[in-house]
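# Residue-level structural notes
Chain by chain, the residues run as shown.
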Amino acid sequence: MHYSIFSVQDHYPALQRSLPEFYQQLMEQGVLADQLGYDTFFVAEHHFHEYGVIPNPAVFLSALSQRTEKIKLGPAISILPFHHPLDIAENYAMLDIISSGRLVLGVGSGYLKHEFEGYDIALEEKRERFDESLAILERALKGETINSQKFHSIRNVKINILPEQRKVPLYVAALRKEAAYFVGKQGYHLICIPYASVEHFSEIQYIAKEHQQGAIDGNKKPLSAIFAFHTHIADTDDQAEENAKEAFNLYIETRLYAKQQTYDDIIKSGLSLFGSPETVSDKIVELHQMGINHLMLLHNFGMLCPKLVQSSMLKFMNEVKPLVDQKIAHSITNSNQ
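Residues numbered from 1 in each chain as written. Predicted model: local features only at pLDDT ≥ 70, side-chain atom pairs only at ≥ 80, totals over all residues. Heavy atoms only, no water.

### Focus on the overall build of the protein chain
How we decide: Secondary structure is summarised from DSSP: a helix means a run of H or I of at least four residues, a strand means a run of E of at least two, and numbering begins at the N terminus for each. Atoms counted for the radius of gyration: C-alpha only. Globule rule: 2.2 Å times the number of residues to the power 0.38. The contact definition used throughout considers only heavy atoms, calling two residues in contact when any of these lie within 4.5 Å. For the area figures, the Shrake-Rupley method with a 1.4 Å probe applies, and any residue is considered shielded solely by the protein chains shown. Charge assignment: positive for Lys and Arg, negative for Asp and Glu; neither His nor the chain ends contribute. Lys charges are placed at NZ, Arg charges at CZ, Asp charges at CG and Glu charges at CD.
When helices and strands are tallied, the protein chain shows 11 helices and 12 strands. Taken against the 2.2 N^0.38 rule, which gives 20 Å for 337 residues, the C-alpha radius of gyration of the protein chain at 20 Å falls within 12% of a compact globule. Dimensions along the principal axes, computed over C-alpha positions, put the protein chain at roughly 60 × 55 × 40 Å. Within the protein chain, contacts between residues separated by at least 24 positions form 73% of all contacts whose residues are at least 6 apart in sequence. Accessible area for the protein chain stands at about 15,200 Å²; split by element, carbon and sulfur atoms hold 50% of it. Distance from the positive charge centre (31 side chains) to the negative charge centre (41 side chains) of the protein chain: 7 Å.

### Some remarks on the side chain of Lys315
What counts here: Think of a polar contact as two N or O atoms within 3.5 Å of one another; within protein, one of them needs to be a possible hydrogen donor and the other a possible acceptor, and neighboring residues in sequence only count if both atoms come from side chains.
Residue position: Lys315 is located in helix H11 (residues 306-336). For Lys315, the side chain forms a polar contact with the side chain of Asp235, separated by 2.5 Å. Here Lys315 is in contact with Ile233, Ala234, Asp235 and Val320, once residues within four sequence places are set aside.

### Observations concerning the nonpolar core
Under the convention used in this document: Residues enter a nonpolar core if they are buried and are Ala, Val, Leu, Ile, Met, Phe, Trp, Tyr or Cys, with the set joined through side-chain atoms within 4.5 Å. A simple rule labels every residue: compare its accessible area, found with a 1.4 Å probe on the protein chains alone, to the largest value its type can have, and call it buried under 20%, exposed over 50%, or partly exposed in between.
Ranked by size, the top nonpolar core spans 104 residues in total, and within it Tyr38, Phe41, Ile204, Phe227 and Phe316 carry the most contacts. Setting aside anything within four residues of it in sequence, one finds Ile204 in contact with Pro194, Val198, Phe227, Phe229, Leu271, Leu287, Met290 and Ile292.

### Overview of the packing of aromatic side chains
Rules: Aromatic rings from Phe, Tyr and Trp, with only the six-membered ring used for Trp, were paired whenever their centres fell within 6.5 Å, and each pair was classed as stacked if the ring planes differed by under 30 degrees, edge-to-face if by over 60, and tilted otherwise.
By the definition in use, this model includes 10 aromatic pairs. For the ring pair Phe248 and Tyr263, a centre distance of 6.4 Å and an interplane angle of 75° mean the geometry is edge-to-face. Of the two residues, Phe248 sits in helix H8 (residues 237-253) while Tyr263 sits in helix H9 (residues 263-269), which places them 15 residues apart along the sequence. In this structure, Phe248 and Tyr263 share a single accessibility class: buried. Ring geometry for Phe248 and Phe301: centres 6.0 Å apart, planes at 85°, overall edge-to-face. Linking Phe248 in helix H8 with Phe301 in the loop between strand S12 (294-298) and H11, this pair joins segments that are 53 residues apart in sequence. For the pair shown, Phe248 and Phe301 are each scored as buried. Chaining the aromatic ring pairs together yields one cluster made of Phe248, Tyr251, Tyr263, Phe274 and Phe301.

### A word on empty space enclosed by the protein
Formally: Only protein atoms enter the calculation, which uses a 1 Å grid: trapped sets of points that fit a 1.4 Å probe without letting it out are cavities, open sets showing protein on both sides within 12 Å along at least five of seven lines are pockets, and any residue with an atom within 4 Å of a point is a lining residue. Grid points are joined across faces, edges and corners, and a volume is the space filled by probe spheres set on the points. Put simply, Ala, Val, Leu, Ile, Met, Phe, Trp, Tyr, Cys and Pro go in the nonpolar bin, Asp, Glu, Lys and Arg in the charged bin, and everything else, Gly too, in the polar bin.
In the structure shown here, the tally under the stated rule is one cavity of 30 Å³ or more. In this structure, the largest cavity encloses a volume near 50 Å³. Along its surface, the largest cavity is lined by Ile5, Phe6, Ser7, Leu26, Gln29, Phe41, His299, Asn300, Val309 and Met313. Every element with two or more residues in the lining of the largest cavity is listed here: strand S1 (2-7), helix H1 (19-36) and H11. Ranked by residue count, the leading element in the lining of the largest cavity is S1, at three residues. Residue composition of the lining of the largest cavity, grouped by class: six nonpolar, four polar and no charged.

Below is the structure:
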């Protein structure tokens, strides 16, 4: 199993935390994630609302790259329809160079109405814009000369900086199994946030299976999939609820246009990793049995106290991860007997 950190960077300007303070807290969590051995530090891109306050992940992650050594860095996701694809290629090529080849590039089409209105882009165009931008982005990162005429007028242009990695890991966001199938068939890795699309924990397996089936049907090599979960680890399930319930419910209040699941709802649906090390490790073993081997953990949400965020990050790697390893090893041993 691989474990990464993800933050939406939901901010609450009416409450007692300034934006500079929040950015500093995120930096400190990135440094801690590096020290603890998390795989990747992902940040979301959002605009024009406290829903999220990092409009350009490449800027934030470039700064974080200078304070970390091993952890990979990436957007989850870069919203391609909002930007010129050559700008995206240049920004993230720079990040890969500055970080010595640690870029993991998550991309998607976006879905928030106010963001499309802010950029004066019709929601009906988002799929075509995404497809065109992704094709240009991939070719640009390879150093190819680009020509394009539909949404972006590009004539015989190639970027003059290329990423350090020969092939940057590229993940495409999808919420539903039908979209996951298409992502796999096109040969792309997958990023998915289950709580936004499915009704119950057991349904996650269908998204993972459809993604892999798409890869098979498209004659692609085996692909990776990352699934995101709100996470808080405490000594007991009750303590986890006491720590995280108010913060999670505050977070939910800012979720525009998405279905609303309170803390009690998400405990019932199972679409979170809240609880004791024993409780959470059992759920991760179930995810492993579904064929899922990479999780993005949202420890930071709803103005949760930074000390509690860091405590949860520590408990996960020091207590949950060893339990998961033991349980998976035990399961493999039993199956071989």
